[in-house]
Amino acid sequence: MTPPRRTGRPAPRHDPARRLLRAGSRLARAAAVLLVVVAAAVWLPHLLPGSPAAAALGPTATPEQIAAYESHLGLDQSLPTAAWHWLGNLAHGDLGHSLASGRSVTDELADRVPVTLELFLAGQLVALLLAVPLALASAWRPGGAVDRIATAGAFVWLAVPGFVLGLLLIWLAAVQLRVLPATGWTPFTRDPVQNLRHLVLPALTLGLTEAAVFTRTLRSQLLETLDQTYIAAARGRGMGTVRLLLRRTLRPSSLPLVTLVGIGVGTSLGGSVLVETLFAVPGVGSLASAAIAGRDFPVVQAVVVLGATGVVTATLAVDLLYRALDPRIAHDHR
């Protein structure tokens with residue numbers, strides 16, 4: 001008996017409408033997260049002990065002056081009203097003015113975001129250049145000399161706090177060898193050579209710690225991939241080691257590494273506070289540290305929202321990279 005003929009074409013598993021709906025759902029969740037962060041940042045001055053207005057005006061300020069200053073800053077508004085006004089000002093590029101310097105917060109961030117971004121990218125580059133070759137060599141011959149050295153080195157770097165590593169690098173490169181400056185910063189547009197010299201030590205401080213985590217994570221994933229059947233088949237066909245590792249093994253094993261790099265975008269602000277303070281780098285981290293110490297809440301609010309935006313954007317970018325690295329994820333209905 002012949003089976004009945006099907007009429008028409010089967011419906012595609014992932015039509016454009018469904019894909020667009022999923023993309024819209026992800027964007028809606030991201031927007032909801034940012035709205036919650038904005039509300040928390042706007043309400044932050046009310047959660048801190050004392051009055052920011054009293055701290056800004058000094059001990060000689062009268063209650064009337066403090067009340068007028070709080071009204072000027074919008075501290076007497078309800079949370080929905082304050083959040084709505086903050087978002088409205090943000091739409092016009094106005095994040096308020098620093099209570100410490102009097103400068104526009106937008107100008108402060110415009111000066112410092114490129115510095116932190118350059119430091120983060122340099123640190124990630126150092127981490128990847130160290131972690132990927134070490135993880136590949138360790139996974140290819142587990143238990144070998146390279147694997148034992150990389151494993152021991154990763155545990156050592158993970159045990160050393162970031163500020164201790166930074167001080168050791170300053171002592172070695174700036175005090176003993178005198179080949180690099182210990183602190184300070186030169187913009188790339190002013191002097192590229194001096195910019196790179198000031199960048200080396202803080203980038204190494206960030207990158208070496210990240211490299212230890214990257215190496216352990218990637219090595220574990222590579223070992224799982226090397227046990228797959230298609231890897232054994234490729235070996236049986238005589239595929240070369242370098243080609244097998246780079247083309248067949250590294251790409252499917254890099255998903256956890258992509259996640260770590262994406263998370264690093266959000267956590268780079270927290271890590272850069274210590275590094276930027278230690279090396280006197282004028283980035284967002286040092287700005288946030290000074291703003292918290294001086295109760296400069298307009299700057300703190302802007303930095304909090306900026307950090308949350310970085311985390312949300314990185315999460316969306318990681319999702320897209322997942323689909324590019326492993327097309328099977330695009331066909332997952334979860």
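Chains are numbered independently. Their residues run from 1 in the order of the written sequence. At least 70 in pLDDT is required for a residue's local features to be given in this predicted model, at least 80 for side-chain atom pairs to be given and counted, and no such filter applies to totals for whole chains, interfaces and linings, which use all residues. Values shown for side chains rest on all heavy atoms present in the structure; no hydrogens or waters enter the calculation.

## Things to note about the pattern of salt bridges
Stated precisely, the cut-off is as follows: Salt bridges are counted wherever a side-chain nitrogen of Lys or Arg sits within 4 Å of a carboxyl oxygen of Asp or Glu. What counts as a helix is a DSSP run of H or I of at least four residues, what counts as a strand is a run of E of at least two, and both are numbered from the N terminus.
Counted by the stated rule, this structure contains four salt bridges. The residue Arg 103 makes a salt bridge to Asp 111 at a minimum N-O spacing of 2.9 Å. Across the pair Arg 219 and Asp 147 runs a salt bridge, and its minimum N-O distance is 2.7 Å. Pair noted here: Arg 219 is in helix H8 (residues 192-226) and Asp 147 is in helix H6 (residues 145-159), with a separation of 72 residues, a long-range link. One salt-bridge network, in which partners are shared between bridges, spans Arg 103, Glu 108, Asp 111 and Arg 112.

## So, H8
Helical periodicity: at 3.6 residues per turn, an α-helix aligns residues three or four positions apart in one direction. Rule in force here: Expected span of a helix: the number of residues minus one, times 1.5 Å. Polar contact is the term for a pair of N or O atoms within 3.5 Å; when the atoms are in protein, one must be able to donate a hydrogen and the other to accept it, and sequence-neighboring residues count only if both atoms are side-chain atoms.
Across its 35 residues, H8 extends only 43 Å between first and last C-alpha, which sits more than 12% below the 51 Å expected from 1.5 Å per residue. Of the residues flanking the start of H8, the one acting as N-cap is Asp 191, its side-chain oxygen 3.2 Å from the backbone nitrogen of Val 193.

## What about the packing of H6 against H8?
Formally: Here, axes are lines fitted to C-alpha atoms. For helices the fit covers the stretch in contact, and angles between N-to-C directions go from 0 to 180 degrees. Note that the term roughly parallel is reserved for angles under 35 degrees, roughly antiparallel for angles over 145, roughly perpendicular for angles of 65 to 115, and oblique for everything else. Take the far helix as your reference; a near helix turned counterclockwise from it by less than a right angle gives a left-handed crossing, and one turned clockwise gives a right-handed crossing. We call two residues in contact whenever any of their non-hydrogen atoms come within 4.5 Å of each other. Ten residue types, Ala, Val, Leu, Ile, Met, Phe, Trp, Tyr, Cys and Pro, are classed as nonpolar, four, Asp, Glu, Lys and Arg, as charged, and the remainder, Gly among them, as polar.
Running from N to C, H6 and H8 cross one another at 135°; their axes reach a closest spacing of 9 Å. The orientation of H6 relative to H8 falls into the category oblique. Classified by chirality, the crossing of H8 by H6 is left-handed. Contact with H6, carried on its side by Asp 147, Thr 151, Ala 154, Trp 157 and Leu 158, involves Leu 208, Thr 209, Ala 212, Val 213, Arg 216 and Arg 219 of H8 and no other residues of that element. Considering only residue class, the contact of H6 with H8 consists of six nonpolar, two polar and three charged.

## Overview of a nonpolar patch on the surface
Rules: Each patch is built from residues lacking any salt bridge and having more than 30% relative accessible area; the joining distance is 9 Å for like charges and 5 Å for nonpolar side chains (Val, Leu, Ile, Met, Phe, Trp, Tyr). Computed by Shrake-Rupley with a 1.4 Å probe, the accessible areas treat only the displayed protein chains as cover when residues are assessed.
Residues Trp 171, Leu 172, Val 175, Leu 177 and Val 179 make up a contiguous nonpolar surface patch of roughly 490 Å² in combined accessible area. Counting through the fold element by element, Leu 172 comes out in helix H7 (residues 162-176).

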